[in-house]
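Coordinate inspection notes
Here is how the chains run, residue by residue.
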Amino acid sequence: MKKIFLFMSLCLLSLSATAQVKLDSEGRDAEYVKVILSRSQKIVDKLGLTDDAAKKNVLHVISNRYFTLGDIHDACDDKVKEVKGSGQLDKAQKDQLVTNLRNARDAELYKHHFEFAAALSNYLTDAQVEAVKDGMTYNVVQVTYDATLAMIPSLSAEEKLQILNWLKEAREFAMDAGDSKSKHNWFSKYKGRINNWLSSRGYDLVKEREAWYKRIEAEKKKK
């Protein structure tokens, strides 16, 4: 029985890895689809994939993710615009309706959030899935993490891990944001949390930053 179950599991994994992912482009503006495919292709190109079928499937998974996010955000934005332009509602009513619409949007985003990484995992390793997430969020996690460690060389292993965990948490929210400004806002929010936490642990961030800038200038003079 165990052998049969193992065989069936392997078959299912094989099917999931070879099945073709359909691009959700039907009924969409051709130029918009072209832009999304180009954006997604830049992420795929950095993954080092050698299998053409896997490349295409990953490209479609990422592109479809952008389509889904766009659909959810556009639908909400259109309704918000309609509410704000209504002449039959007072400000309090408008504010409440807008809040309700954005809460509904966030619930819809959450409903679809985990399916993305699950779909990618059919073709990619965990490290490659991480690379896709970074590609969709401008690599802010690594850039911020490296900069924080460079600014405060005395951080403990525990502190480094907490900072990285918070940045990755910010990335999960940023991945669902509707535009680059909103994505960066999520990271800014978590950078504030990190800074407050470091200050509470006795780090003088003003002095740490000044010392870091001096080290950078000193390195420049050596070149």
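A brief structural summary. Just so it is clear, the model here is predicted, and its values are computed rather than measured.

Moving on to the overall build of the protein chain. The helix and strand tally for the protein chain stands at nine helices and zero strands. Secondary structure elements of the protein chain occur, N-terminal to C-terminal, as α-α-α-α-α-α-α-α-α. Radius of gyration (C-alpha) of the protein chain: 22 Å, far over the 17 Å computed for a compact globule of 223 residues. A principal-axis box enclosing the C-alpha atoms of the protein chain has dimensions of 65 × 55 × 40 Å. Expressed as a percentage of the 223 residues in the protein chain, the buried residues total 33%. Put simply, the protein chain has 37 plus and 32 minus side-chain charges, and the middle of one group is 4 Å from the middle of the other.

This part covers the side chain of Arg 171. With respect to the element layout, Arg 171 can be found in helix α7 (residues 157-175). Exposure remark for Arg 171: the relative accessible area of 1% places this residue in the buried category. A polar contact is formed between the side chain of Arg 171 and the side chain of Asp 134, at a distance of 2.8 Å. Beyond its immediate sequence surroundings of up to four residues, Arg 171 is in contact with Glu 130, Lys 133, Asp 134, Thr 137, Val 141 and Phe 187.

Quick look at the packing of aromatic side chains now. By the definition in use, this model includes six aromatic pairs. Linked through ring pairs, Phe 173, Trp 186 and Tyr 190 together constitute an aromatic cluster. Over the ring of Tyr 66 we find Arg 39, and its NZ or CZ is 4.9 Å from the ring centre.

A contiguous patch of negative charge, built from Asp 74, Asp 77, Asp 78, Glu 82 and Asp 179, is present on the exposed surface. Take Glu 82: it is sitting in helix α3 (residues 52-84).

Enumeration according to the criterion identifies 15 salt bridges in this entry. With its nearest N and O atoms 2.8 Å apart, the salt bridge here joins Glu 159 to Arg 201. Pair noted here: Glu 159 is in helix α7 and Arg 201 is in the loop between α8 (180-200) and α9 (205-222), with a separation of 42 residues, a long-range link. Two residues, Glu 219 and Lys 222, come together in a salt bridge whose shortest N-O distance is 3.5 Å. Placement of both Glu 219 and Lys 222 in helix α9 is noted, with a separation of three residues, approximately one turn of the helix. Using a relative accessible area of 65% as the deciding quantity, one classes Lys 222 as exposed. Here the salt bridges do not stand alone but share partners, grouping Glu 130, Asp 134, Lys 168 and Arg 171 into one network.

Parameters and conventions
Residues numbered from 1 in each chain as written. Predicted model: local features only at pLDDT ≥ 70, side-chain atom pairs only at ≥ 80, totals over all residues. Heavy atoms only, no water. Helix = DSSP H or I, 4+ residues; strand = E, 2+ residues; numbered from the N terminus. Rg over C-alpha atoms; globule rule 2.2 N^0.38 Å. Buried < 20%, exposed > 50% of the residue type's maximum accessible area, 1.4 Å probe, protein only. Lys, Arg positive; Asp, Glu negative; His and termini not counted. Charge placed at Lys NZ, Arg CZ, Asp CG, Glu CD. Polar contact = N/O pair within 3.5 Å; in protein donor to acceptor, adjacent residues only side chain to side chain. Contact = heavy atoms within 4.5 Å. Phe/Tyr/Trp six-rings, centres within 6.5 Å; stacked < 30°, edge-to-face > 60°. Lys NZ or Arg CZ within 6 Å of the ring centre and 35° of its normal. Patch = residues over 30% accessible without salt bridge, like charges linked within 9 Å, V, L, I, M, F, W, Y side chains within 5 Å. Areas by Shrake-Rupley, 256 points an atom, 1.4 Å probe, with all protein chains shown as cover. Salt bridge = Lys/Arg side-chain N within 4 Å of Asp/Glu carboxyl O.

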